[in-house]
Amino acid sequence: MNVYVCYREKDGISLSNTTLVMTEREIEQLIERYQSNKIERNAPGVRFCFKVGTVTVTIYNSKKVLFQGGGAAEFAQQFGSPNAPSTKRPSKKTTGTHLPDHLAKLSVIGSDETGTGDYFGPITVTACFVPASEIGWVTEYGVKDSKMLTDDLMRQMAPALKESLIHSTLVLPNPKYNELQASGMSQGKMKGMMHNQALLHVLRKMDGASYDYILIDQFAEASTYYRYLSDVPTVVNERVLFATKAEQIHVSVAAASILARVAFLEEIDRLSEIAGVTIPKGASSKVDQVAAHIWKQRGEDVLRSMTKWHFANTLKAKKKLT
Ligand code: MN
């Protein structure tokens, strides 16, 4: 069964139907809760029907409840009944940008990248698993979006996170980045491949431990993301969700953002050592100055080996040489 193909073309939103069997009490609660969303459906055996967003829910006299439409599987997940074990866990086909309720409290593998806009240094990607039972201390520890924390604080936090949480950090060295870029590969595709690989590593390290969802900090439409991976042999595509600002949605993505950032900073430290000068982050005019300095002192090849060479900074630095 090729699950991947069936949702890749739907912008990542599952269009599958989900059927649950519910108890009388659960059904009564459902009807009460969604009374104002009621729609008329005079089909045989139908007790109640309602619509929430793109999801249509039909409750049958048989106590079967049918969820249909975009995001149906995600929506149905919150009503999983103990009487229907197959629906207790989120559907394996679930993917997309419709986020399930209470996502922040579930066991999630989060994934985030950094370094994409920096002239110096690599792209780094981290995937990090935070099971529901660990969310409390990780949050109390101060884990949040890396953009809201200082570099120093993140460096201090990283060791405990690395020790306690299953994670994988990938670094794309600048020479490799430049080679791929020169061959015509987009930065988006590089990122996509790195996210997928980091997730594969984490899943392998988890060794079958259960999780509810994978949440990727969204840098492309889900359909684009899977297109980037069309020639990758193993694609992680079960229960994958995409969201922008995902660092603020689940602490696993925030932890991933910190670990990715610290890996980037460590690489900047290493390159600074090689260059004999403190390398600045970003792509500002300060970056042009330092680039020109390295070019003069160490030559073009050394500069190239530590930068994203196709950035406009290269030309700007070159102009400073004369
Ligand atoms: Mn991000």
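For the structure itself, look to the data block above.
Before going into details, it helps to say that this report is about the structure given with it. (Residues numbered from 1 in each chain as written. Predicted model: local features only at pLDDT ≥ 70, side-chain atom pairs only at ≥ 80, totals over all residues. Heavy atoms only, no water.)

Bringing helix α6 (residues 174-182) into the picture now. For α6, every residue scored as buried is listed here: Asn174, Tyr177, Asn178 and Leu180. Axial view of α6: buried residues confined to an arc of 165 degrees, hence all on one face. Every exposed residue of α6 that faces more than 90 degrees away from the buried side is listed here: Glu179 and Ala182. Close packing links the buried residues of α6 with β7 (123-130), β8 (167-172), α7 (187-206), α9 (251-275) and α11 (300-304). Just past α6, the residue glycine 184 takes up positive phi, approximately 105 degrees. (Buried < 20%, exposed > 50% of the residue type's maximum accessible area, 1.4 Å probe, protein only. Helix = DSSP H or I, 4+ residues; strand = E, 2+ residues; numbered from the N terminus. Arc of directions from axis to C-beta. Contact = heavy atoms within 4.5 Å.)

Here we take up helix α2 (residues 24-33). Where α2 is concerned, the buried positions are Ile27, Leu30 and Ile31. Taken down its axis, α2 places every buried residue within 95 degrees of arc, on the same side. Opposite its buried face, α2 presents the exposed residues Arg25 and Glu32, each directed more than 90 degrees away. The inward-facing, buried residues of α2 abut β2 (46-52), β3 (55-60) and β4 (64-68).

Glancing now at the pattern of salt bridges. A full pass over the atoms with the stated rule returns eleven salt bridges. Residue aspartate 231 pairs with lysine 189 through a salt bridge whose shortest N-O separation is 3.2 Å. Of the two residues, aspartate 231 sits in the loop between α8 (222-228) and β10 (240-243) while lysine 189 sits in helix α7, which places them 42 residues apart along the sequence. You can call aspartate 231 exposed: its relative accessible area is 53%. Between arginine 304 and glutamate 300 there is a salt bridge whose closest N-O contact spans 2.7 Å. Placement of both arginine 304 and glutamate 300 in helix α11 is noted, with a separation of four residues, approximately one turn of the helix. Among the residues examined, arginine 304 registers a relative accessible area of 32% and is labelled partly exposed. Residue class for glutamate 300 comes out partly exposed when judged on its relative accessible area of 32%. When salt bridges that share partners are traced, they join Glu24, Arg47 and Lys63 into one network. (Salt bridge = Lys/Arg side-chain N within 4 Å of Asp/Glu carboxyl O.)

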